Structures are given as structure tokens and as C-alpha cells.
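Each chain, letter by letter, is given below.
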Amino acid sequence: MIRKLATALLLGAALLPATAPEASAQISFGLLGGLNRTTFTGNGTARIGSRTGFMFGGVTDIPLTKNLSIRPELYFSTKGSQLSVQSSILPLATLDLFYLQLPVLVDLHPASEATVRPHLFGGLSLGFPLRCRLDSRDCGETEGLDPHTFDASVLVGVEVEFHKTGIGIRYGAGLISVGKSAGAEIYNGVLSFTVRHFGWPRGAGGSREGSAER
């Protein structure tokens, strides 16, 4: 129920009409990376622990108004779980999932040119599986797993920006079950600590700081 409500709210925000960006607004490109703390959520996860992974890729900022922008991202991300005890869904093992993620985020931020600026963002993310290993075995050999279909998640987060660099934290809550057994379902859950840097502004009107305050 919470996932459905969050999805509806974020979709509604993304569809709100926005004024056209000012002539001096720029589209910016940059890099994004960080550490993941991943696990599974759902009613089949009582005996499933978490594991540490990574993420890296690119990010784009498309200004809509002085306070609002659209932020498409594209990055590689590890997911999965450390299974420390026997589970009714999965055997004792480390489940290693590797996805290509494509989030589309709505970014809310102050219009000022302050040195330190907070950002609040959220949206939907699609994940396309690239690899799935259960210890030394391919996941296709394990009953109850379905990691080869695409993943979808609600993603929310905050950032603090220093000039063009942002330090942030985000959480992605999976919407599509990765595995199912005996009526139990598991979903990807990813807590990420990130660093991003916008280094390539494109557009009219000078530097990023001198443009409309995004």
C-alpha cells in the first residue's frame, strides 16, 4: 500500500505543469557514484541479511524553473543480499545482482546562489538485470528466483550541494518481486550514499553559477 501511494504521489509531481526554463538556464551533465547497502524487503525476508555494493554512472540536470528540475540518471548498481542462515526462499549463500539503472527524478532545490544548497528529489527507477549469481551458480538454476525480468522501484533522497558537487543519501524500494516461494515475495531494497559532480554545463548564458539558479 505504501509503495502504491508513494508511486502515485511522485507521478503526480512529475506531471505537474512547469513554466519553460529561462533563456539562461543550462542543461548540465556530470558523474555519479557511491556505496550501496542492499537487502531484500517483503514477507519472505526474516532470515535475510544485507550486503555492501557500489554504484557508478552519469547524471543530467534539466532545469524547468528556478526551483525545479528533471534529473535523468544512468548507472550500474549492485543489489542482492547476504544470506547468513537457511531461508525458505533461498539457500545459504550470497546473492549477487547487477543492474543497469535508469531513474527519472524530480529535483526540488532553493533558487538562491548560496554556496551550500539542499536538494530534495524523488521519482521512479527502472532496473535492467545484467548479472545474477548465487555463490558460484547462475540464478537460473535456483527455484523461486526471477531476476531476469526488469526491476522497478520508487526512489527518494536528499543532497547537500557545495558549488557543483553534491553529497547525498537515497533509498530505492522495489516494486516488482525478485523471488517468490510458498506465497512469500521479496523485493530489492537499496540504501545508497552518493557523490555527484556536474562538470559539463551546456546551453546559453555563461557558467552554471551565473545562470538562472537552476
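See the structure shown above.
Cut-offs and rules
- Residues numbered from 1 in each chain as written.
- Predicted model: local features only at pLDDT ≥ 70, side-chain atom pairs only at ≥ 80, totals over all residues.
- Heavy atoms only, no water.
- Helix = DSSP H or I, 4+ residues; strand = E, 2+ residues; numbered from the N terminus.
- Core = buried A, V, L, I, M, F, W, Y, C linked by side-chain atoms within 4.5 Å.
- Buried < 20%, exposed > 50% of the residue type's maximum accessible area, 1.4 Å probe, protein only.
- Polar contact = N/O pair within 3.5 Å; in protein donor to acceptor, adjacent residues only side chain to side chain.
- Phe/Tyr/Trp six-rings, centres within 6.5 Å; stacked < 30°, edge-to-face > 60°.
- Lys NZ or Arg CZ within 6 Å of the ring centre and 35° of its normal.

As a further point, take unusual backbone geometry. Phi is positive for His163, close to 60°, though the residue is something other than glycine. Among the structural elements, His163 can be located in the loop between β7 (151-162) and β8 (165-174).

One recurring pattern in soluble globular proteins is that nonpolar side chains are buried together. One finds Phe40, Ile48, Leu95, Leu97, Tyr99, Cys132, Leu134, Cys139, Val178 and Ile186 forming the largest nonpolar core, which totals 10 residues. Going through the elements one at a time, β4 (94-108) and β5 (116-134) are the ones with two or more residues in this core. Ranked by size, the runner-up nonpolar core spans eight residues in total, among them Leu32, Met55, Tyr75 and Phe121.

Attention shifts here to the side chain of His109. Mapped onto the secondary structure, His109 falls in the loop between β4 and β5. For His109, a relative accessible area of 4% puts it in the buried group. A distance of 3.2 Å separates polar atoms of two side chains, one belonging to His109 and the other to Asp107.

In total, this model carries four aromatic pairs according to the counting rule given. Centroid distance Phe54 to Phe56: 5.9 Å. Interplanar angle 15°. Geometry classified as stacked. For Phe56, a relative accessible area of 41% gives the class partly exposed. With a centroid separation of 5.9 Å and 20° between ring planes, the pair formed by Phe76 and Phe98 is classed as stacked. Taken together, the residues Phe76 in strand β3 (residues 68-82) and Phe98 in strand β4 connect sequence positions 22 residues apart. Through a chain of ring-to-ring contacts, the aromatic side chains of Phe54, Phe56, Phe76 and Phe98 assemble into a single cluster. Residue placement shows Arg71 over the ring face of Phe121; its charged tip is 4.7 Å from the ring centre. The side chain of Lys79 reaches across the aromatic face of Tyr99, ending 4.4 Å from its centre.

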